[in-house]
Amino acid sequence: MDLDRCLVADLAVHVATNQRESKSVKGYWLIIGTEISDQEAQAEYGRLWKPIGEKYQARVNPSKQPPLLMEARDAQRLIIVEFPSLAIAKACYSDPAYGEAMRFALQASKRVLVIFEGDLG
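The present account deals with the structure reproduced in this document. Treat the numbers as computed from the prediction; the structure is a model and nothing was measured.

**Observations concerning the nonpolar core**
So, point 1. In this structure, Trp29, Tyr45, Trp49, Ile52, Phe83, Cys92 and Tyr98 are the most contacted members of the largest nonpolar core, which totals 18 residues.
So, point 2. Elements supplying a minimum of two residues to this core: strand 1 (26-33), helix 2 (39-55), strand 3 (77-83), helix 3 (86-94) and helix 4 (96-108).
So, point 3. Among the elements that take part in this core, helix 4 stands out by supplying six residues, more than any other.

Below you can see the structure in the form of structure tokens.
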């Protein structure tokens, strides 16, 4: 009976360790933008973004410590958007509804959007 308990305990530790090690890798958008020059377009982007973000389980600036924008030249804003996976981050970007919203974002300011995967915490 003690051997069975030891085997169960070892299995539980093994499963817990594997779950930590196989933690899902997330997808991210990194958006670096200039100062907003068209507030109305930015407001429309925000209105259109809200249901899209909810659909794709996006979290905007998910970290407790915001990133620092260093050596930015013309950039004034840095936004991180977290998704459950890289595939979901890409799907969100490819969604026709996001294409419509993006028109307003690009009208509101100049920006660069980078999609990557990782685990920022």
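**Things to note about helix 2**
An α-helix turns once per 3.6 residues; consequently, residues spaced three or four apart project the same way.
So, point 1. The end-to-end C-alpha distance of helix 2, which contains 17 residues, comes to 25 Å, matching closely the 24 Å that a straight helix rising 1.5 Å per residue would cover.
So, point 2. Turning to helix 2, its buried residues are Ala41, Tyr45, Leu48, Trp49, Ile52 and Gly53.
So, point 3. In this structure, the buried side of helix 2 is in contact with strand 1, strand 2 (59-60), strand 3, helix 3, helix 4 and strand 4 (111-118).
So, point 4. If you check the start of helix 2, you find a side-chain oxygen 3.2 Å away from the backbone N of Glu40, and it comes from Asp38.
So, point 5. Gln57, located one to two residues past helix 2, shows a positive phi value of around 55°.

**Comments concerning the sheet that holds strand 3**
So, point 1. Across the sheet, four strands lie side by side as 2-3-1-4; this open sheet has antiparallel pairing. A single partner strand is all that each edge strand has here, and the edge strands are strand 2 and strand 4.
So, point 2. Across the sheet, helix 4 lies against strand 1 and strand 4, angled at about 130° from strand 4, the strand it touches most.

**A few points about the pattern of salt bridges**
So, point 1. Counted by the stated rule, this structure contains five salt bridges.
So, point 2. The salt bridge partner of Arg103 is Glu100, with a shortest N-O separation of 2.9 Å. Taken as a pair, Arg103 and Glu100 lie in helix 4 at a separation of three residues, close to a single helical turn.
So, point 3. Overlapping salt bridges bring together Lys26, Arg59 and Glu82 as one network.

**Re the side chain of Lys26**
So, point 1. Tracing the backbone shows Lys26 in strand 1.
So, point 2. When sequence neighbours within four positions are dropped, the list of residues in contact with Lys26 reads Glu82, Phe83, Pro84, Ser85, Leu86, Phe116, Glu117 and Gly118.

**Some details on the packing of aromatic side chains**
So, point 1. Counted by the stated rule, this structure contains eight aromatic pairs.
So, point 2. When the ring of Tyr28 is compared with that of Phe116, the centres are 5.3 Å apart and the planes differ by 20°; the resulting orientation is stacked. Of this pair, Tyr28 sits in strand 1 while Phe116 sits in strand 4, and the two are 88 residues apart along the sequence.
So, point 3. Take Tyr28: its relative accessible area is 0%, and that puts it in the buried class.
So, point 4. By relative accessible area, Phe116 is classed as partly exposed at 27%.
So, point 5. A ring pair is formed by Trp29 and Phe83, whose centres lie 5.1 Å apart and whose planes are at 50°; its orientation type is tilted. In this pair, Trp29 is assigned in strand 1 and Phe83 in strand 3, connecting sequence segments 54 residues apart. Assigned by exposure class, Trp29 and Phe83 land together as buried.
So, point 6. Three or more aromatic residues joined by ring pairs form one cluster here, namely Trp29, Tyr45, Trp49, Phe83, Tyr93 and Tyr98.
So, point 7. Its end group placed over the ring of Phe104, Arg103 keeps NZ or CZ at 5.4 Å from the ring centre.

Criteria and thresholds
Residues numbered from 1 in each chain as written. Predicted model: local features only at pLDDT ≥ 70, side-chain atom pairs only at ≥ 80, totals over all residues. Heavy atoms only, no water. Core = buried A, V, L, I, M, F, W, Y, C linked by side-chain atoms within 4.5 Å. Buried < 20%, exposed > 50% of the residue type's maximum accessible area, 1.4 Å probe, protein only. Helix = DSSP H or I, 4+ residues; strand = E, 2+ residues; numbered from the N terminus. Expected span 1.5 Å × (residues − 1). Contact = heavy atoms within 4.5 Å. Polar contact = N/O pair within 3.5 Å; in protein donor to acceptor, adjacent residues only side chain to side chain. Pairing = 2+ DSSP bridges. Axes fitted to C-alpha atoms, helices over the stretch in contact; angles between N-to-C directions. Salt bridge = Lys/Arg side-chain N within 4 Å of Asp/Glu carboxyl O. Phe/Tyr/Trp six-rings, centres within 6.5 Å; stacked < 30°, edge-to-face > 60°. Lys NZ or Arg CZ within 6 Å of the ring centre and 35° of its normal.

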